[in-house]
Amino acid sequence: MRVFRMRGFRTAILLLSITAWAAGQVGAAAAQKSAAMGSRERARMAGRVRSEFLHAWRGYRKYAWGHDDLRPLSKAPHDWYGQTLLLTQVDALDTLVIMGLRAEAEETRAYIVANLSLDRDVYVKNFEIVIRLLGGLLSGYQLTGDRRLLALAEDLGARLLPAFESPTGIPYRYVNLKTGRVRGSVTNPAEAGTLLVEFGTLARLTGRQVFYDKAKRALVELYRRRSPVGLVGQRIDVETGRWTHTDSHLSAEIDSYYEYLLKGWLLFGDGDCRRMWRESVAAANKYLADEVGTELWYGHADMWTGRRAATTYGALDAFVPAVLALSGDTGRARRLQASSFKMWNRHGIELEEINYRTMEVGDAGYPLRPEIVESTYYLYHFTRDPEYLRMGESMFDDFVKHCKTDEAYASLKSVVTKEKADSMESFLFAETFKYFYLLFAPPSALPFEQVIFNTEAHPVRRTWR
Ligand code: DMJ
């Protein structure tokens, strides 16, 4: 049985890769040709990304070392819950390793194992702590072999488990790390359904199946409550199982629910996830996808009727091309990526939200998000079309130009005025710089086929049978 599952998993990956590659070849031929980027130029780009990463990292180290993150304009440390959980250090550790920044990686690993204390009387957001901290500890363990990181991950996982003790099995939003008490009975599919990659990996690495079962049940309970047309809503009450907000889309509060349906299948060979992914993506393609002339976008619809509710798309939706490409649908992935890039170019850097029919700004912020870069990296991997290297180069130029500060990087309050905001989220190190780097670095920096990235870009390797 075990052997069969392994074979099934490998075959699935192989078939998806071949389909994606073939579709990519057709698309590549049709698209206007971008100038190739030779290995020297790519190495130069990877070097640029690495040195910009170091610029931001040094700012964090100088002003906020040992704290959750740096406020880059005031140059002050910031802790999410008033006490540190070392969010930036844990989130950044695998990127330091992947970029070959040995001294920095070693210093960070040593600091985490000596100082990360989870026995804290604070209510944490289960989802954020799972994707950043649990994901970072697990990939950090796999990349460094330091078992103390795995022990921290197991301790953290056990402290988060009470969140799942709701009448429906859908987790509460907040859990106290010390007391196990919970808060927040209205949650959303992204927060409740983006837990299986991390908890499932923890289960496989510790032999404690309970971690897998709780996270999988949460995903299944959300899916079970989909509407007759196959869509989920934006908010749900974990005690009654009723939807409290019925807008359906692939954006904030739903996005990575779809991602983990697919990745639950690919990482664990879980057939339920495969079935749920296939049905869910078909409904999304039917009701959320929107053809505007020759362009493809994904908008909003009412979950019960499938009727169009809004024609907005944004930075958070920009992960969809990556997931589509990973599933083998390179055709839609390429078209949607072109739309995301159009959104980016509207103001020379990415908008948080745009009305794709009128091209009017919905939300002008740019909090240093990675999703569009992630999709560029996936598309380049599957198509080998230099268009994506050039796209990445152009985005990186804009990113440096508008977000770099004297000693770090800063979010933008407005991509229209380019006014900066005093925030540098840890995903800048975990995701944005990592995906830019992997786009240009040789594949040996991190063999794509051997990992599944969690939604915070922490690569998990399937080391179990
Ligand atoms: C990250 O924490 C994760 O990528 C999450 O899935 C969505 N939001 C941020 C990045 O934008």
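Data block above holds the structure.
Every value quoted in this text rests on a predicted model; they were computed, and no experiment measured them. (Residues numbered from 1 in each chain as written. Predicted model: local features only at pLDDT ≥ 70, side-chain atom pairs only at ≥ 80, totals over all residues. Heavy atoms only, no water.)

Points about the overall build of the protein
Secondary structure assignment for the protein yields 16 helices and 18 strands. Whereas a compact globule of 465 residues would reach a radius of gyration of roughly 23 Å, the protein reaches 21 Å, a difference of no more than 12%. Here the protein, with 465 residues, has 62% of them falling under the buried criterion. Taking the contacts inside the protein whose residues are at least 6 apart along the sequence as the reference set, 70% of them involve residues at least 24 apart. For the protein, the computed accessible surface area is about 17,400 Å², with 49% contributed by carbon and sulfur atoms. A gap of 5 Å separates the mean positions of the 62 positive and 56 negative side-chain charges of the protein. (Helix = DSSP H or I, 4+ residues; strand = E, 2+ residues; numbered from the N terminus. Rg over C-alpha atoms; globule rule 2.2 N^0.38 Å. Buried < 20%, exposed > 50% of the residue type's maximum accessible area, 1.4 Å probe, protein only. Contact = heavy atoms within 4.5 Å. Areas by Shrake-Rupley, 256 points an atom, 1.4 Å probe, with all protein chains shown as cover. Lys, Arg positive; Asp, Glu negative; His and termini not counted. Charge placed at Lys NZ, Arg CZ, Asp CG, Glu CD.)

A few points about the sheet that holds strand E5 (residues 182-183)
In spatial order, the strands read E3-E4-E5; together these 3 strands make up an open sheet with antiparallel pairing. Of all strands in the sheet, those with a lone pairing partner are strand E3 (123-125) and E5, marking the two edges. For E3 and strand E4 (residues 174-176), the ladder comprises 3 bridges, and the chain directions are antiparallel. Within E4, the position partnered with Tyr123 by the bridge is Asn176. (Pairing = 2+ DSSP bridges.)

Some words on the nonpolar core
Formed by 153 residues in total, the largest nonpolar core has its most connected members in Phe199, Tyr258, Phe399, Met424 and Phe433. Once residues lying within four places of it in the same chain are set aside, the contact partners of Met424 are Ala56, Tyr60, Asp69, Leu70, Pro72, Leu368, Ala408, Tyr409 and Phe429. (Core = buried A, V, L, I, M, F, W, Y, C linked by side-chain atoms within 4.5 Å.)

Some words on the packing of helix H5 (residues 126-144) against helix H8 (residues 196-206)
At their nearest, the axes of H5 and H8 sit 10 Å apart, and the two run at 40° to each other. Along this stretch, H5 crosses H8, giving a crossing that reads as left-handed. On H8, the residues that touch Val130, Ile131, Leu134, Gly135, Leu138, Tyr141 and Gln142 of H5 are Glu198, Phe199, Thr201, Leu202 and Leu205. (Axes fitted to C-alpha atoms, helices over the stretch in contact; angles between N-to-C directions. Left-handed = near helix turned anticlockwise from the far one by under 90°.)

Some details on the side chain of Asn126
Structurally, Asn126 is set in helix H5. Residue classification places Asn126 among the buried positions, given a relative accessible area of 1%. Each residue touching Asn126, except ones within four places of it in the same chain, is listed here: Leu160, Ala163, Phe164, Pro171, Tyr172, Arg173 and Leu195.

What about the pairing of strand E11 (residues 295-298)?
Where strand E10 (residues 289-292) and E11 come together, 4 bridges link them in antiparallel fashion. Opposite Glu291, over in E11, you have Leu296 as the bridge partner. The turn linking E10 back onto E11 is made up of 2 residues, and Gly293 within it adopts a positive phi angle of 60°.

Quick notes on the pattern of salt bridges
Two side chains bearing opposite charge may form a pair once their charged atoms approach each other closely. Under the counting rule described, the total for this entry stands at 40 salt bridges. For Asp119, the salt bridge identified is with Arg159, shortest N-O distance 3.2 Å. Within this pair, whereas Asp119 is found in the loop between helix H4 (102-115) and E3, its partner Arg159 is found in helix H6 (residues 147-160), the two being separated by 40 residues in sequence. Asp119 sits in the partly exposed class, given a relative accessible area of 42%. In this structure, Glu295 engages Lys342 in a salt bridge whose closest nitrogen and oxygen atoms are separated by 2.8 Å. With Glu295 in strand E11 and Lys342 in helix H13 (residues 330-346), this pair connects stretches of sequence that are 47 residues apart. (Salt bridge = Lys/Arg side-chain N within 4 Å of Asp/Glu carboxyl O.)

Quick notes on the site of the ligand
For the ligand, the full set of nearby residues is Ile131, Arg132, Leu316, Arg369, Pro370, Glu371, Phe427, Glu431, Thr455 and Glu456. One nitrogen or oxygen atom from the side chain of Arg369 is found 2.7 Å from an oxygen atom belonging to the ligand. Between the ligand and the protein, one listed contact pairs an oxygen atom with a side-chain N or O atom of Glu456 at 2.6 Å. The protein chains hide 91% of the 300 Å² of surface that the ligand would expose on its own. (Near = heavy atom within 4 Å. Polar contact = N/O pair within 3.5 Å; in protein donor to acceptor, adjacent residues only side chain to side chain.)

Re the packing of aromatic side chains
For the coordinates displayed, the defined rule picks out 32 aromatic pairs. Centroid distance Tyr257 to Tyr258: 5.4 Å. Interplanar angle 80°. Geometry classified as edge-to-face. Classification of Tyr257 by relative accessible area gives buried; the value is 1%. A ring pair is formed by Tyr377 and Tyr378, whose centres lie 5.9 Å apart and whose planes are at 85°; its orientation type is edge-to-face. Put simply, the rings of Phe53, Trp57, Tyr60, Trp65, Tyr111, Phe396, Phe399, Tyr409, Phe429, Phe433 and Phe436 pair up and form one aromatic cluster. For the cation-ring pair, Arg61 lies above Trp65, with the distance from its terminal atom to the ring centre recorded as 5.5 Å. A cation over an aromatic ring shows up here: Arg183 above the ring of Tyr123, its NZ or CZ 3.6 Å from the ring centre. (Phe/Tyr/Trp six-rings, centres within 6.5 Å; stacked < 30°, edge-to-face > 60°. Lys NZ or Arg CZ within 6 Å of the ring centre and 35° of its normal.)

Thoughts on the sheet that holds strand E7 (residues 235-237)
The strands making up a sheet associate through backbone hydrogen bonding, with each pair oriented either parallel or antiparallel. An order of E6-E7-E8 is seen for the 3 strands of this open sheet, with the pairing classed as antiparallel. The open sheet has two free edges, formed respectively by strand E6 (186-187) and strand E8 (243-245), since each of these has just one partner strand. In the sheet, E6 pairs with E7 via 2 bridges, with the strands oriented antiparallel. When the bridges of E7 are listed, Val186 appears paired with Asp237.

Quick word on helix H10 (residues 255-268)
With 14 residues, H10 ought to run about 20 Å at 1.5 Å a step, and its terminal C-alpha atoms sit 20 Å apart, in line with that. By the largest-angle criterion, Leu262 marks the main kink of H10, which is about 25°. Across the 14 residues of H10, 14 count as buried, placing the element largely inside the fold. Directly beyond the C-terminal end of H10, a positive phi value near 65° is found at Gly269. (Expected span 1.5 Å × (residues − 1). Bend = angle between axes of the 7 residues up to and from the residue.)

As for the layout of surface pockets
A volume near 550 Å³ is recorded for the largest pocket. Looking at the largest pocket, it is lined by 28 residues, and the ones nearest its centre are Phe127, Glu128, Asp255, Leu316 and Arg369. For the lining of the largest pocket, the secondary structure elements donating two or more residues are H5, helix H7 (189-193), H10, helix H14 (371-383) and helix H16 (427-440). Tallying contributions element by element places H5 first for the lining of the largest pocket, with 4 residues. Its residues assigned to classes, the lining of the largest pocket shows 10 nonpolar, 4 polar and 14 charged. (1 Å grid on protein atoms, 1.4 Å probe; cavity = no way out; pocket = protein on both sides within 12 Å on 5 of 7 lines; lining within 4 Å. Points joined across faces, edges and corners; volume = space filled by probe spheres on them. Nonpolar A, V, L, I, M, F, W, Y, C, P; charged D, E, K, R; others polar.)

Considering the environment of Asp68
Checked against the element boundaries, Asp68 lands in the loop between helix H2 (39-64) and strand E1 (69-71). In this structure, Asp68 is in contact with His78, Asp79, Trp80, Tyr81, Gln83, Thr84, Leu85, Leu86, Leu87 and Thr88, ignoring residues within four places of it in sequence. Side-chain polar atoms of Asp68 contact the backbone nitrogen of Leu85, separated by 2.8 Å.

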